[in-house]
Amino acid sequence: MPDQVLAALSVQSGYGVPAWSVMAAGVGAVLLFQLMGWTLWRAIWQAAGGARGLPALLVLFFQQVLGIGGAMLVLLGLALVGAFHVPGILGACVPVALAALWLKRRPPPQALARGDALDGPAGAAGAGVALWEWAVLLVGVVFMGMAAWRFPGHWDDTAYHLPLARTIVEHHGLVANEWLRFPYFPAYAQLLFAAGLLLDAFLAQWLATWPVVVTLMGLMGAGRWLLGHAAWGVLAWLIYVYTPLVKSILGFAYLDVLLALYATAAGLAAVVWVQADGRKEHRWLLLAGLCAGIASGIKLQGLVVAAAVGMGVLVFSGGSRQAVRNLAWYGFACLAVCVFWYLRSYWVTGDPIHPAGGSVFGYYLWTPQDLQAQVAEQAVHGVPKRWANFLDGLLKVKAIFLCAALVIPVFAWGRRRPWLLIWLVVVLLVLFWFWVSQVSRYLMPVLPLGALLALAPVRYLLVWGAAKLPPVRGAGALLAVAASALMLVHVGITGSKQWQQPTVQAQRAGRSDVILLERAQALQAQHGHRVLNFGFENAFFFYSGQLVGDWFGPASFSQAIVCDDSCRIRSTQVLNLMNRFGIRMVLIHAERFPFDKGEFSEHLDLIATHGSGYLYASKESARPPF
C-alpha cells in the first residue's frame, strides 16, 4: 500500500511535474488564502460584532472568499510593477504573515467575545464545525483533485484563459496579447491561473477548481444557518455540480466556478445584512460589495451579478435616504476592486467593455462584422425568447430545479426578508440569462444559490409533515448520514470514471494540435515564431510562440474563406494573411476548413500531418524578406 501511494504521488502531469509537488503547492495556496482571509476578516470585524453567531463554516467560507480575493488583488499589484514571479509572490507573503501575527496578538473584540447570536430564519445560531462536516469537506477536496488532474484542452481554457495567463508569466507583468479573442476583459481569474502556471498547468487547473470546494463550504454554512442543518447545503452542492453545464468544465481552467463563488458570496453577505435588520451594520454591505466587485473583475457578467445584488440592497433598505446611504456603501466597495479593469480597457481601446461596446464606443481590434457575428452566434443558443418557452429553456440546460426556487414567495416562510432577497437575486439573474443570452455557462452564477433555494420548500414540507407525526429521534444525524452517503457515491462515481480515462500523458499524445505545434516550435529558428491557424483556435496554449487566427479579430478566418460551389479556404487569401502579418507557417484543420491540398502544395511546403491537421511552411523561394 505505501508503494502504491508513493507511485500515485510520483505520477507526472502532461508537462513533467510530479503530483506531489503540485499537491504541496495547492495546499500552500489554500493555507495562504486562509491566512489572508482571516487577517482581512479580523480587520473588518475588529470593532464590531456583526459576525457573531454565524455558523463556523459560513465564517470560514467568507474568510476563504476574502483570502482568494485578496490574493488576486496582490497578484494584480505584482503584475502592475513587473514583479509577477516566484520571488515577488513569496515576498508579498511576508507582510501578510506579519499582519496576521499582529492581529493574533491583539485581544479579540468584546463584541465577538460575547458571542451574541445572529439567528437565521431557521433559528440556528452560531455553531462549530462537526466532525462529519470536516469529513465531507475532505471528500470534496479529493473530488476536486481528481477532477483537476487531466490534460488541459476543453476549449476556452486553452483558447483564451491559459494563454493570457502564460503571457502574464512570460512578461512578469500585466501584458495584453492582442491575438487572443478578449485581451482586455477583466482578468482576476487569469492572474490566479498565472500563479499556478509558475509551476504547472495542473496547478492552474487546481486553483480554478478550488472555488468548487469553497462553494461547498458556503452552502453547508448557509444550510445550517438558513435551513437548520448543513446537510441541506451538501445536497444543494450535489445539485450544483451534477448540473451538466457545470460537470462539463469541472477540472479545466475555466473562470465560471470562480464567478459562481463570488456571486454566491455577494448574495449570502447581503442576506446576513438583511437578517441583521436594525443593527445598521454596513460592514456586511461592504463585504457584499467587495464580492460583487471581484465578480465584476472576473468576467463582464459579474456586472450583472453586482446589479442584481444591488437591486436587493435597494429593495430592502427602507426609506430613500437610507437606500442612498446603503447603495453608496455597497457601490463604493464594488467599484473599488473592479473599476481598474474597465478603465484599462477604455484607456487602451476606447471601449470600457471591449469588444462588446464597439457599436457605442468605437471598434479597436474587432470590426462591426465581427461583433455582429458574435451576437448572431450567441442568439443560436437555447430556445426562442418567449415566455411560453421559459421552462423549455431551463429544461434544455437541465436546470429545471430553478423552477422550485422561483416559487418561494408562494409559501409564508418564503416571504421572510432573507429568503426574499435570495429569491430576488436568483430571479433577476435567471431572467437576464433567458432574455439576453442563453449560453448555458452564463447560468453558472445563479446555480449555487438557486440550488439552496430550491431545497428550501422540501425542508419546510418535511418539517410540516413531521409536525403531524411522532418525533423521530436522531433525525439530524440521519440527514447527515444520507448527505454524506450521497457525497461518497458521487466521488466514487467520479473516481471510477477518472480511473477509466487514459493517463494524462496519453491524453497529450493523442492531440493533433499538440503534436503539430511541437513540430512548429522546433522549426521556429527557420520559420519564425508565428503560426497562422485555421480551425485550431483552441490551441493557443499549446504553442510557446504566437498562434494567430480566430473567428474574430485582425486575422479572422473569414478573410481566407471563399464560397462559390462550396465554402473553403483558398491559398491566395491565406498567403495574403501570412504576408500581412509576417507569418511563414500555417496550421489547418482539414475537417473544419476544407482546402485543396494540391493548390496549397504549389505555394507551401507540407511539413507534417497528424489526424485532420496539416502544418505547412513557406517555400524558400516564396519567402518574403522579413
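Placed above this text is the structure.
Residues numbered from 1 in each chain as written. Predicted model: local features only at pLDDT ≥ 70, side-chain atom pairs only at ≥ 80, totals over all residues. Heavy atoms only, no water.

Trainee: I would appreciate a short explanation of the overall build of the protein chain in the present structure.
Mentor: Each helix and strand in the protein chain was counted, giving 27 helices and seven strands. Here the protein chain holds 626 residues, and 56% of them are scored as buried. Considering only residue pairs separated by 6 or more positions, the protein chain has 76% of its internal contacts joining residues 24 or more positions apart. Accessible surface, the protein chain: about 25500 Å² in total, of which carbon and sulfur atoms supply 65%. (Helix = DSSP H or I, 4+ residues; strand = E, 2+ residues; numbered from the N terminus. Buried < 20%, exposed > 50% of the residue type's maximum accessible area, 1.4 Å probe, protein only. Contact = heavy atoms within 4.5 Å. Areas by Shrake-Rupley, 256 points an atom, 1.4 Å probe, with all protein chains shown as cover.)

Trainee: Quick question: what am I supposed to make of the sheet that holds strand 2 (residues 546-548) here?
Mentor: Sheet strands pair by backbone hydrogen bonding; their relative direction is either parallel or antiparallel. Read across the sheet, five strands follow the order 2-1-5-7-6 without closing on themselves; strand pairing throughout is mixed. Where the open sheet ends on each side, the last strands, each with one partner, are strand 2 and strand 6 (604-610). Across the sheet, the axes of successive neighbouring strands diverge by a mean angle of 25 degrees, strand direction being ignored. Relative to strand 5 (residues 585-589), strand 1 (residues 530-534) runs parallel, the two being bridged by four bridges. Directly across from Leu 532, in strand 5, lies its bridge partner Val 586. Helix 24 (residues 512-522) rests against strand 1, strand 2, strand 5, strand 6 and strand 7 (613-618) of the sheet, and its axis sits at about 140 degrees to strand 6. Seen against the sheet, helix 26 (residues 571-581) touches strand 1, strand 5, strand 6 and strand 7 and runs at an angle of roughly 150 degrees to strand 1. (Pairing = 2+ DSSP bridges. Axes fitted to C-alpha atoms, helices over the stretch in contact; angles between N-to-C directions.)

Trainee: When you look at the nonpolar core in this model, what are you seeing that I'm missing?
Mentor: Among soluble globular proteins, nonpolar side chains are generally buried collectively. Counting residues in each nonpolar core, the largest one holds 192 residues, and the members touching the most others are Phe 61, Ile 68, Trp 237, Tyr 262, Trp 284, Leu 443 and Leu 447. Counting residues per element, this core draws most heavily on helix 9 (residues 201-227), which supplies 19 residues. Sequence-distant contacts of Leu 447, that is, excluding residues within four places in its chain, are made with Tyr 240, Thr 243, Leu 245, Val 246, Ala 399, Phe 401 and Leu 402. In terms of nonpolar packing, the next biggest core, distinct from the first, is built from 22 residues, Ala 555, Ala 560, Phe 581 and Ala 590 among them. (Core = buried A, V, L, I, M, F, W, Y, C linked by side-chain atoms within 4.5 Å.)

Trainee: Just checking my understanding: could you explain the packing of aromatic side chains for this structure?
Mentor: Two measures describe an aromatic ring pair: the distance that separates the ring centres and the angle between the ring planes. As enumerated under the stated definition, the model contains 31 aromatic pairs in all. A ring pair is formed by Phe 62 and Trp 284, whose centres lie 5.4 Å apart and whose planes are at 65 degrees; its orientation type is edge-to-face. Here Phe 62, found in helix 3 (residues 56-80), pairs with Trp 284, found in helix 13 (residues 282-296); they are 222 residues apart in sequence, far enough to count as distant. Neither residue differs from the other here; Phe 62 and Trp 284 are each classed as buried. Here Phe 600 and Tyr 616 contribute two aromatic rings whose centre-to-centre distance is 5.9 Å and whose plane-to-plane angle is 45 degrees, an arrangement assigned as tilted. (Phe/Tyr/Trp six-rings, centres within 6.5 Å; stacked < 30°, edge-to-face > 60°.)

Trainee: I'm lost on the side chain of Ser 296 in this one. Help?
Mentor: Among the structural elements, Ser 296 can be located in helix 13. Once residues within four sequence positions are removed from consideration, Ser 296 is found in contact with Pro 186, Gly 302, Leu 303, Ala 306, Cys 334, Cys 338 and Tyr 342.

Trainee: Please explain the environment of Val 309 as it appears in this structure.
Mentor: Here Val 309 lies in helix 14 (residues 302-315). By relative accessible area, which is 0% here, Val 309 ends up buried. Beyond its immediate stretch of four places on either side in the chain, Val 309 contacts Ala 266, Gly 267, Ala 270, Tyr 330 and Val 425.

Trainee: Would you mind going over the packing of helix 9 against helix 12 (residues 256-275) with me for this structure?
Mentor: To describe two helices that pack against each other, one gives the angle between their axes and the distance between the axes. Taken N-terminus to C-terminus, the directions of helix 9 and helix 12 make an angle of 25 degrees; their axes are 9 Å apart at the nearest point. The orientation of helix 9 with respect to helix 12, classified from their angle, is roughly parallel. Judged by the twist between their axes, the crossing of helix 9 over helix 12 is left-handed. Here Ala 208, Pro 211, Val 212, Val 214, Thr 215, Gly 218, Ala 222, Trp 225 and Leu 226 of helix 9 come into contact with helix 12, specifically with Val 257, Leu 258, Leu 261, Leu 268, Val 271, Val 272 and Gln 275. Split by residue class, the contact of helix 9 with helix 12 holds 13 nonpolar, three polar and no charged. (Parallel < 35°, antiparallel > 145°, perpendicular 65-115°, else oblique. Left-handed = near helix turned anticlockwise from the far one by under 90°. Nonpolar A, V, L, I, M, F, W, Y, C, P; charged D, E, K, R; others polar.)

Trainee: Before we go on, may I ask you to explain unusual backbone geometry in this structure?
Mentor: Working note: non-glycine residues mostly have negative phi, and peptide bonds are mostly trans. Between His 354 and Pro 355 the backbone carries a cis peptide bond, its omega angle lying at 5 degrees. Its place among the elements puts Pro 355 in the loop between helix 15 (320-349) and helix 16 (358-361). With a phi close to 55 degrees, His 172 is a non-glycine residue in the positive phi region. Structurally, the position occupied by His 172 is in the loop between helix 7 (156-171) and helix 8 (188-197). For His 172, a relative accessible area of 36% translates into the label partly exposed. A positive phi angle, close to 55 degrees, is found at Lys 398, a residue other than glycine. Structurally, Lys 398 is set in the loop between helix 18 (390-396) and helix 19 (402-406).

Trainee: Would you explain the pairing of strand 5 in this entry?
Mentor: Regular strands have side chains that alternate between both faces of the sheet. The buried fraction of strand 5 amounts to five of the five residues, a majority that puts the element mostly inside the structure. Where burial is concerned, the two faces of strand 5 agree: the one with Met 585, Leu 587 and His 589 and the one with Val 586 and Ile 588 are both buried. Pairing between strand 5 and strand 7: five bridges, direction antiparallel. Within strand 7, the residue paired with His 589 across the bridge is Gly 613.

Trainee: Which parts of the structure should I look at to understand the packing of helix 6 (residues 131-148) against helix 10 (residues 230-242)?
Mentor: Where helix 6 meets helix 10, the closest approach of the two axes is 11 Å, and the angle between their N-to-C directions is 15 degrees. The pairing of helix 6 with helix 10 is recorded here as roughly parallel in orientation. Where helix 6 crosses over helix 10, the handedness of that crossing is left-handed. Side by side, helix 6 and helix 10 meet where Trp 132, Glu 133, Val 136 and Phe 143 of the first sit next to Ala 230, Ala 231, Val 234 and Trp 237 of the second.

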